[in-house]
There are 4 protein chains.
Amino acid sequence: MRQIRTDLAMESQQAAGSMPGVHVKQWAESGVTVTEVSIEDLKASVRLGKPMGKYITLECPQVRSHDVNARIAMSNLLAEELARLIPEGTGEIMVIGLGNRNVTPDALGPMAVDKTLVTRHIFRELPDHVEEGMQSVCAIAPGVLGVTGLETMETVTGLVERIHPRAIIVVDSLAARASARVASTVQLSDSGIQPGSGVGNLRRAITEESLGVPVIAVGVPMVVYAATIVRDALEEISSEYSSEEALDSITDHVLEGSMGDMIVTPREVDSLVEEAAQIVAMGINRALHAGLSDAQIREMMG
Amino acid sequence: MRQIRTDLAMESQQAAGSMPGVHVKQWAESGVTVTEVSIEDLKASVRLGKPMGKYITLECPQVRSHDVNARIAMSNLLAEELARLIPEGTGEIMVIGLGNRNVTPDALGPMAVDKTLVTRHIFRELPDHVEEGMQSVCAIAPGVLGVTGLETMETVTGLVERIHPRAIIVVDSLAARASARVASTVQLSDSGIQPGSGVGNLRRAITEESLGVPVIAVGVPMVVYAATIVRDALEEISSEYSSEEALDSITDHVLEGSMGDMIVTPREVDSLVEEAAQIVAMGINRALHAGLSDAQIREMMG
Amino acid sequence: MRQIRTDLAMESQQAAGSMPGVHVKQWAESGVTVTEVSIEDLKASVRLGKPMGKYITLECPQVRSHDVNARIAMSNLLAEELARLIPEGTGEIMVIGLGNRNVTPDALGPMAVDKTLVTRHIFRELPDHVEEGMQSVCAIAPGVLGVTGLETMETVTGLVERIHPRAIIVVDSLAARASARVASTVQLSDSGIQPGSGVGNLRRAITEESLGVPVIAVGVPMVVYAATIVRDALEEISSEYSSEEALDSITDHVLEGSMGDMIVTPREVDSLVEEAAQIVAMGINRALHAGLSDAQIREMMG
Amino acid sequence: MRQIRTDLAMESQQAAGSMPGVHVKQWAESGVTVTEVSIEDLKASVRLGKPMGKYITLECPQVRSHDVNARIAMSNLLAEELARLIPEGTGEIMVIGLGNRNVTPDALGPMAVDKTLVTRHIFRELPDHVEEGMQSVCAIAPGVLGVTGLETMETVTGLVERIHPRAIIVVDSLAARASARVASTVQLSDSGIQPGSGVGNLRRAITEESLGVPVIAVGVPMVVYAATIVRDALEEISSEYSSEEALDSITDHVLEGSMGDMIVTPREVDSLVEEAAQIVAMGINRALHAGLSDAQIREMMG
């Protein structure tokens, strides 16, 4: 069975229906729908096409219409969930922004890194300026293979060996199945980033297994694959296309040629990716520097 | 009959088939396919949903894969066709770049204006610096209604009354039906720009009729509407959906909700719109300043 | 006497000392120093090289170090002073952002326009969405002569004739004499914009006299001229150079060659101009839409 | 003696005059003045404040006025000199772009990296696409300490250990003493990058000594320090200020306060840094891929 192309575990789970080894909880908080999908055994992991682990999805359609309170609610919840996933301790936190800053829907990671309050150099060089409730944070946007000639893991591994962070937060643009979730959903996960995720790029896994450090992934879907909306349309209209094979073959036929590299995205993706990066960075900043007010964070960022 | 949503007259014509009042010519030149569609009576205009006039489409798939020679061939042909459409004389030429520079696929117009060699101030203030084969050119990107609160025509009309240009070239992003034509096609037309064209924005007509000056439109498709690819997929798979009504209703059903404002675009639209603006501006610069070499043009642009 | 090169009336006045026809008031409010210079007769206007009118300068060094409260205080005071200068009534307000958006220190005007809440199209097309305490606002960044081939006044005059705004707010980058005032000072004035102001560009006057509508100028110094700091250094070190003529001639000598087009600016001018545009736009938005909260304004801006 | 603040060895040498251990050659080629300064012993190195090594400076004032042929001449000469400095062999070349991409005059390095043709992933994954006369190249812009919390050397060392490049090319913005050299001069050097170079940022040395790999530095001055022009003005006008101590103390006095972080730069630095990055990247691309034409390089870059 070919899985539908989505980076959201909750969408994979909803498409597959309930199965052993998967637990789902859902609740609402401050106008945000929170869905927690726990994939607890390998069989379920294979069926869903997602590594084992916990996936927390925050959904709030109002974010897409620029609702300020919705954005604050999202980043507050993100901060809470992040703080829960990051292991206690005093070591450094490394934030990695994946993606290509010159490809708008893929720029979430680099843009979130730009908005992340970085403090490691203060801890090391100006320890007197460190305040209560701050943590040592560094951040890097290593770029994409086609632009650097370097695998993300080549850049990251050396840094991890040198810096020994206590945990890694890796931020990336995702693809959703449902267009309504684009730019209105944040997914957190303790399973890291797997090859083949993201907007059509293969990279090597960035996970606790590969790096020896807990890796928390934070992503926001910025696109839907063109293939997905065609396939969903076919599926919806006729039981004739209910078999996976038929669907796949027709979708492939319809999309052959230049359609393959097309993405479906909101017209205003430039401003939406900017706002999503803001939400993610605010969530990270609050989770990591609980002792600083928003005003202090903005001031320190310059 | 609801027309398919495309700003390319050649696509409307191909979908409708041959009809009285429409003449089509096609030829190849320097690796570029040139299609000329002339809509010569009102009935054909209504059936095709395009104003009467001549539409010249330049197609070259290699442009999409960054082929330098293909880009040069496209801009040379564009320069030739533009030079043919611009009335002879010595008055000024005004270039208008429509669209929103902060919405990537809609930024073609403002970006082309940025790359257009503007000379009107040299003609007026430094006439000694005017060389043989230069024309007086001004250029403006008036912005979009949602950002300025001003209709394009409100800004343009005052300028036209003051400046009395000999002709207007108006540049805009278009929507195509076929995704293969995105960023690989240029359409020129002597019919100006009509309300409802462009990437989903209504504006008042910018035409010879409304402005009293010949208006030549130059556009490059940067998107396909999501509705278009779904509808095309349905149409292709089954005669069951061959009636327009059935197709429309199913498409509407499939796309209801947030799908409506989604666009389909290549992942690398940021660089493609930049290259398309370069092709358009080079075509304009060569057409208007036949006496200047490319190197001179680049130097004068700073 | 050659006046020192500054666009701040308070700096001209301080250099010249007290004179008949000029009144100066200064007070502090919310950590901001407010200086009001009124130039009340022609002779004083000529001596100071500034048109007659009222100039209000808001100074707050903390803005330069990204202090969030300082920025809020500045934009609140700006809103109050602006509200005082704008004539009562119900007609439209037009905001004009001067300068070149592709030249960082000159981009204040276009950037402030991007951040201004524009509502004229809502008043005209969606009157039901107009809330208490909103005004009809349009905004345009007409670009600079070298890029458009058009004088700002050519673009503006046509629009003013068509739209008949009740008042115009014109935003521009300024040059200061004292580098400490760069990016930490806002000047408002009821005298409009005169030729020769701004970062080295001549333009025709945008004033009540030329347009028949009150014109309020808002500017933030983003640069100091290189000549200014050299001249100030010379002046400071020796009475030998106390005569204007000697100073001018030595300054000219020192600066001859490529120095003439150099500007002095903070290293981080990219982020400072962004923040200054934010302060100016917040001031304008609050002054014009007193009935909207900050959150509502941000939401409506998208 | 406090050395004048310049990153150009030829300016340090000219200020100091001839001395033992320093050899200077100068010639003209294709309209470009080439100056080679060889610092051959430690004493001279200390006096000039520059590490021992060979410094080649290419100067061409026409580049500043956007002369296309001048740019081509500069990048051709840069390619030749680079090819001479890079050790023969078949191993990989790593290009490192220093500086902050969000601070315009400091963005040369990241911008040059964006324009560098990267091929390492082709050599590794698509070896059939490798053509005669291509080399394996990777490139990274590691960001600055204040934004990443990471020393450049922390990021680079891990990569060098993993990738074992044959040589490193490091690109950075420089500060000149003479404003005429800003954006019109390229300096190459086999001595790497030393702490305290660049636009006011300390970083650890990136040299053959520290990395075990030949390091070739390429830089373009984008700024002059404000202190420099004041000091030069003082020096020029009076023998009274001929002693270093007097000059230093007066300069310090004049500049005290906010002047310290000010830079002197051409108004149009945004476009000049873009063009300088283009010259540097073209020079690198030609030096490393002698078998590819310009058109092939542009096409492969997308």
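Residue positions are given per chain, counted from 1 along the sequence in the order it is written. Numbering of ligands from 1 and lettering of chains from A proceed in the order in which they are written. Whole-chain, interface and lining totals are the exception, using all residues; otherwise, since this is a predicted model, local features are given only for residues with pLDDT of at least 70 and side-chain atom pairs are given and counted only at 80 or more. Heavy atoms throughout the structure, all of them, feed into the side-chain values; hydrogens and water do not.

J.: Account for the pairing of strand β8 (residues 215-225) of chain B, with residues named and values stated.
T.: All names here are of chain B. Relative accessible area decides the class of each residue, using a 1.4 Å probe on protein chains only: under 20% of the type maximum gives buried, over 50% gives exposed, and in between gives partly exposed. In this description a helix means any DSSP run of H or I spanning at least four residues, a strand means any run of E spanning at least two, and both kinds are numbered starting from the N terminus. Most of β8 is tucked away, with 11 of its 11 residues classed as buried. With nine bridges connecting them, strand β6 (residues 167-176) and β8 associate as parallel partners. Paired with A176 across the two strands is V224, which belongs to β8. Strand pairing is assigned whenever DSSP identifies at least 2 bridges connecting the two strands. As paired elements, strand β7 (residues 185-189) and β8 share three bridges and run antiparallel to each other. Within the sheet, the bridge partner assigned to S189 lies in β8 and is A217. Bridge count between β8 and strand β9 (residues 262-266): two bridges; the pairing is antiparallel.

J.: Which residues make up the pairing of strand β1 (residues 22-29) of chain C, and what are the values?
T.: Bridging between β1(C) and strand β2 (residues 32-39) of chain C involves eight bridges; their strand directions are antiparallel. Opposite C:K25, over in β2(C), you have C:E36 as the bridge partner.

J.: Talk me through the relation of the copies chain D and chain A; I want residue IDs and the actual numbers.
T.: Structural alignment of chain D on chain A gives an RMSD of 0.0 Å, achieved by rotating through 180 degrees and translating 0.0 Å along the axis. The superposition operator between the copies reduces to a two-fold rotation axis. Minimal C-alpha distance to the rotation axis in chain D is attained by D:G158, lying at 2.0 Å. When the interface residues of chain D are mapped onto chain A, 100% of them again lie at the interface, so the same face is used by both copies. Superposing copies: least-squares fit, C-alpha atoms only, residues required to have pLDDT of at least 70 in both. Note on contacts: a residue pair qualifies if any of its non-hydrogen atoms lie within 4.5 Å across the two residues.

J.: Report on the environment of B:L234, specifying residues and quantitative values.
T.: All names here are of chain B. Position of L234 relative to the elements: it lies in helix α9 (residues 226-237). With a relative accessible area of 0%, L234 lands in the buried category. A C-alpha to C-alpha distance of 51 Å links L234 and G89, two positions 145 residues apart in sequence.

J.: An account of the packing of aromatic side chains is needed here, citing residue identities and associated values.
T.: Pairing of aromatic side chains here covers Phe, Tyr and the six-membered ring of Trp, requires ring centres within 6.5 Å, and sorts the geometry by plane angle: under 30 degrees stacked, over 60 edge-to-face, intermediate tilted. Under the definition given, this model contains zero aromatic pairs over all chains. Charges are assigned to positions over rings by a cutoff of 6 Å between ring centre and Lys NZ or Arg CZ, combined with an angular limit of 35 degrees from the ring normal. The ring of A:Y225 carries A:R5 above its face, with NZ or CZ at 3.8 Å from the centroid.

J.: Tell me about the packing of helix α3 (residues 68-85) of chain D against helix α11 (residues 269-288) of chain D, residues and numbers included.
T.: Relative placement of two packed helices is described by the angle separating their axes and the distance separating the axes. All names here are of chain D. Lines are fitted to the C-alpha atoms to define the axes, a helix being fitted only along its stretch in contact, and any angle between axes, read from their N-to-C directions, falls within 0 to 180 degrees. Direction vectors running N to C along α3 and α11 enclose 45 degrees, while the axes themselves pass 8 Å from each other. Considered as vectors, α3 and α11 are oriented oblique to each other. The handedness of the crossing between α3 and α11 comes out as right-handed. Each of R71, I72, M74, S75, N76, L78, A79, L82 and A83 in α3 lies in contact with α11, whose residues at this interface are E275, I279, V280, M282, G283, I284, R286 and A287. When residue character is reported, Ala, Val, Leu, Ile, Met, Phe, Trp, Tyr, Cys and Pro are called nonpolar, Asp, Glu, Lys and Arg charged, and the others, Gly included, polar. Here the residues of the contact of α3 with α11 are counted per class, giving 11 nonpolar, three polar and three charged. Angles below 35 degrees are treated as roughly parallel, those above 145 as roughly antiparallel, those between 65 and 115 as roughly perpendicular, and all remaining angles as oblique. Each helix crossing is assigned a hand: it is left-handed if the near helix lies turned anticlockwise from the far helix by less than a right angle, otherwise right-handed if that turn is clockwise.

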